[in-house]
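Read off the chains here:
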Amino acid sequence: QVQLVESGGGLVQAGGSLRLSCSASGRTFSRYAMGWFRQGPGKKREKVAAISWSGDNTYYTDSVKGRFTISRDNAKLTVDLQMNSLKPEDTAVYYCAADPRNLIAVSAFEYWGHGIQVTVSS
């Protein structure tokens, strides 16, 4: 199995930055697509960003384009999400997820971390 552990969350003022990191273990990591999802208070979970196994293809939801950057280091088995210009509406629990089929479709993400809180104050 694949285990995913998120780190780097916390409380930040609007306009500030945070960097989330996801560490993977258990199975081959380099050929998995990886993604970050979030679920805010009273909201459905949404896909925020994703990256293919090679790192050549990325996806961002419209609300974070230009502010968030997803990256991966297959040698270190980590996936990061750099979040800049944070807004109160970014407040959510953020989840790291892995897609062993490299499809980057929501339904293809099979393995999940437990989530980490990001709170942006206004």
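Here, every reference points to the structure presented above.
Residues numbered from 1 in each chain as written. Predicted model: local features only at pLDDT ≥ 70, side-chain atom pairs only at ≥ 80, totals over all residues. Heavy atoms only, no water.

## Details of the packing of aromatic side chains
Step number 1: Summed over the entire model, instances satisfying the criterion amount to two aromatic pairs.
Step number 2: Considering the side-chain rings of phenylalanine 37 and phenylalanine 109, the 5.1 Å spacing of their centres and the 75° angle between planes classify their relative orientation as edge-to-face. Taken together, the residues phenylalanine 37 in strand β4 (residues 33-39) and phenylalanine 109 in the loop between β9 (92-99) and β10 (111-112) connect sequence positions 72 residues apart. Note on accessibility: phenylalanine 37 and phenylalanine 109 belong to one class, buried.
Step number 3: The positively charged end of arginine 45 is found above the aromatic ring belonging to tryptophan 112, 5.1 Å away from the centroid. (Phe/Tyr/Trp six-rings, centres within 6.5 Å; stacked < 30°, edge-to-face > 60°. Helix = DSSP H or I, 4+ residues; strand = E, 2+ residues; numbered from the N terminus. Buried < 20%, exposed > 50% of the residue type's maximum accessible area, 1.4 Å probe, protein only. Lys NZ or Arg CZ within 6 Å of the ring centre and 35° of its normal.)

## Re the environment of serine 21
Step number 1: By the element assignment, serine 21 lies in strand β3 (residues 18-25).
Step number 2: Judged by its relative accessible area of 18%, serine 21 is buried.
Step number 3: Put simply, serine 21 and lysine 76 are 55 residues apart on the chain and 11 Å apart in space, counted from C-alpha to C-alpha.
Step number 4: Apart from the residues within four sequence positions on either side, serine 21 is in contact with Val5, Glu6, Ser7, Trp36, Thr78, Val79 and Asp80.
Step number 5: Separated by 3.0 Å, the side chains of serine 21 and aspartate 80 make a polar contact. (Contact = heavy atoms within 4.5 Å. Polar contact = N/O pair within 3.5 Å; in protein donor to acceptor, adjacent residues only side chain to side chain.)

## A word on the pairing of strand β7 (residues 68-73)
Step number 1: Going residue by residue along β7, you find Phe68, Ile70 and Arg72 tucked away on one face and Thr69, Ser71 and Asp73 left uncovered on the opposite face.
Step number 2: Pairing geometry for β7 and strand β8 (residues 78-83), over six bridges, is antiparallel. Each bridged residue has a counterpart across the sheet, and for arginine 72 the counterpart in β8 is valine 79.
Step number 3: Linking two consecutive strands that pair antiparallel, namely β7 and β8, is a turn of four residues; a positive phi of about 60° is found at leucine 77 within it. (Pairing = 2+ DSSP bridges.)

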